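If you want the building blocks of each chain, they are given just below.
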Amino acid sequence: MNLIVCKDYEEMSRRAAELAAACIQADPTGLVSFPGGDTPLGMVHAFADLVNAGKVDISGAHYVSLDEWVGLSGLDEGSCGRFNRTELLGRLQKRFAGVHLIDGAAADIEAERAALDSYIAQYGPLTVSVLGIGMNGHLGFNEDGVDLDLNAHIIPLSETTKQVMHKYFGEKFHPEYGISQGIRQIMAAKTVILIANGSHKAEILRRALCGEVSNRVPASVLQKHPNCYVVADEAAAAKL
Ligand code: GLP
């Protein structure tokens, strides 16, 4: 595991974007995945800047989203789909060869899950998976207690996730489930980049990186990934 401690959020975002871009340069037809949430905002903007400046060519690469709240469409405020469309895809002046965004509002959510598996099977394995970490150590919506052998799946949201989810969409939505790439697909990525910022992430980052490997803290499985980078600001890295 490679730990990169950055002085602040801006540096974390830039370093993670540069690492992701380098992965695509090395594997230009690879499959790329970024997370939603607050953490990656600066990273996806920095990545779009690199693309737009011609520093990385994405024309041969495919993009797939990591996760989504079941019940929310890509138009809904706070959805991962909207984050991807607005903050990443909408900023790019060049296009990926193909994009697959999970539709959490699909009438047939099982078919949506199967479509996610199919896309990753067709264009994967992931060449780079950028991940955030939830307050309970989740990756995507691989909540505490998740089966680590799963591919894409639909999973009940943990109480911790339900407590923090209102920061994305207030009281407008009350999702009970998430749909997510599985740990199996994340662990198959050639490179994983875990990003974290802020003192509120320090304790869970310590448990994930220094604690026992267990599905109680899903991010702890990254200790076993052969090519994992952790890019954290000083506040998040304070307990490492
Ligand atoms: C969210 C998402 C994850 C994200 C994590 C951290 O609920 N399911 O993909 O990485 O929790 O979110 P944030 O970056 O807002 O702290």
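All of these numbers come straight from a predicted model, not from anything done at the bench.

What counts as what
Residues numbered from 1 in each chain as written. Predicted model: local features only at pLDDT ≥ 70, side-chain atom pairs only at ≥ 80, totals over all residues. Heavy atoms only, no water. Pairing = 2+ DSSP bridges. Helix = DSSP H or I, 4+ residues; strand = E, 2+ residues; numbered from the N terminus. Axes fitted to C-alpha atoms, helices over the stretch in contact; angles between N-to-C directions. Buried < 20%, exposed > 50% of the residue type's maximum accessible area, 1.4 Å probe, protein only. Right-handed = clockwise from strand over helix to strand, strands pointing away. Expected span 1.5 Å × (residues − 1). Contact = heavy atoms within 4.5 Å. Patch = residues over 30% accessible without salt bridge, like charges linked within 9 Å, V, L, I, M, F, W, Y side chains within 5 Å. Areas by Shrake-Rupley, 256 points an atom, 1.4 Å probe, with all protein chains shown as cover. Salt bridge = Lys/Arg side-chain N within 4 Å of Asp/Glu carboxyl O. Phe/Tyr/Trp six-rings, centres within 6.5 Å; stacked < 30°, edge-to-face > 60°.

1. Here's the deal with the sheet that holds strand 8 (residues 177–180)
Item 1. Ordered by their spatial adjacency, three strands build an open sheet running 4-8-7, and the pairing between neighbours is antiparallel. On the outer flanks of this sheet lie strand 4 (67–69) and strand 7 (153–156), each paired with one strand and no other. Strand-to-strand twist across the sheet, computed as the mean angle between neighbouring axes with direction ignored, equals 25°.
Item 2. Sheet analysis places strand 7 next to strand 8, joined by four bridges and oriented antiparallel. Looking across to strand 8, one finds that Ile-155 is bridged to Gly-178.

2. Considerations on the pairing of strand 10 (residues 228–233)
Item 1. Burial within strand 10 is extensive, with five of its six residues counted as buried.
Item 2. For strand 1 (residues 2–6) and strand 10, the ladder comprises five bridges, and the chain directions are parallel. The residue bridging Asn-2 from the neighbouring strand is Tyr-229, located in strand 10.
Item 3. As judged from the five bridges shared by strand 9 (residues 191–196) and strand 10, these two strands associate in the parallel manner. From the neighbouring strand, Val-192 faces strand 10, where its bridge partner is Cys-228.
Item 4. With helix 8 (residues 202–210) bridging strand 9 and the parallel strand 10, this β-α-β connection has right-handed handedness.

3. Here we look at helix 2 (residues 41–52)
Item 1. For helix 2, with 12 residues, the first-to-last C-alpha span of 17 Å sits near the 16 Å given by 1.5 Å per residue.
Item 2. The buried fraction of helix 2 amounts to nine of the 12 residues, a majority that puts the element mostly inside the structure.
Item 3. Among all positions in helix 2, only Gly-42, Met-43, Val-44, His-45, Ala-46, Phe-47, Ala-48, Leu-50 and Val-51 are buried.
Item 4. Looking at the buried residues of helix 2, the elements they touch are helix 1 (9–26), helix 3 (80–88), strand 6 (126–131) and strand 9.
Item 5. Two residues or fewer past helix 2, Gly-54 is found with a positive phi of approximately 75°.

4. With respect to a nonpolar patch on the surface
Item 1. Taken together, the side chains of Leu-3, Val-5 and Leu-240 present a nonpolar region at the surface, about 230 Å² in accessible area.
Item 2. A relative accessible area of 44% means that Leu-3 is categorised as partly exposed.

5. Digging into the packing of aromatic side chains
Item 1. One pass over the structure, following the stated rule, counts nine aromatic pairs.
Item 2. Here the aromatic rings of Trp-69 and Phe-169 are separated by 5.3 Å at their centres, their planes lie at 85°, and the arrangement is edge-to-face. With Trp-69 in strand 4 and Phe-169 in helix 6 (residues 166–169), the pair connects residues that are 100 residues apart, well separated along the chain.
Item 3. On the basis of relative accessible area, Phe-169 is assigned to the buried category, the value being 3%.
Item 4. Each ring, one from Tyr-119 and one from Tyr-123, has its centre 4.8 Å from the other, and the planes form 50°; the classification is tilted.

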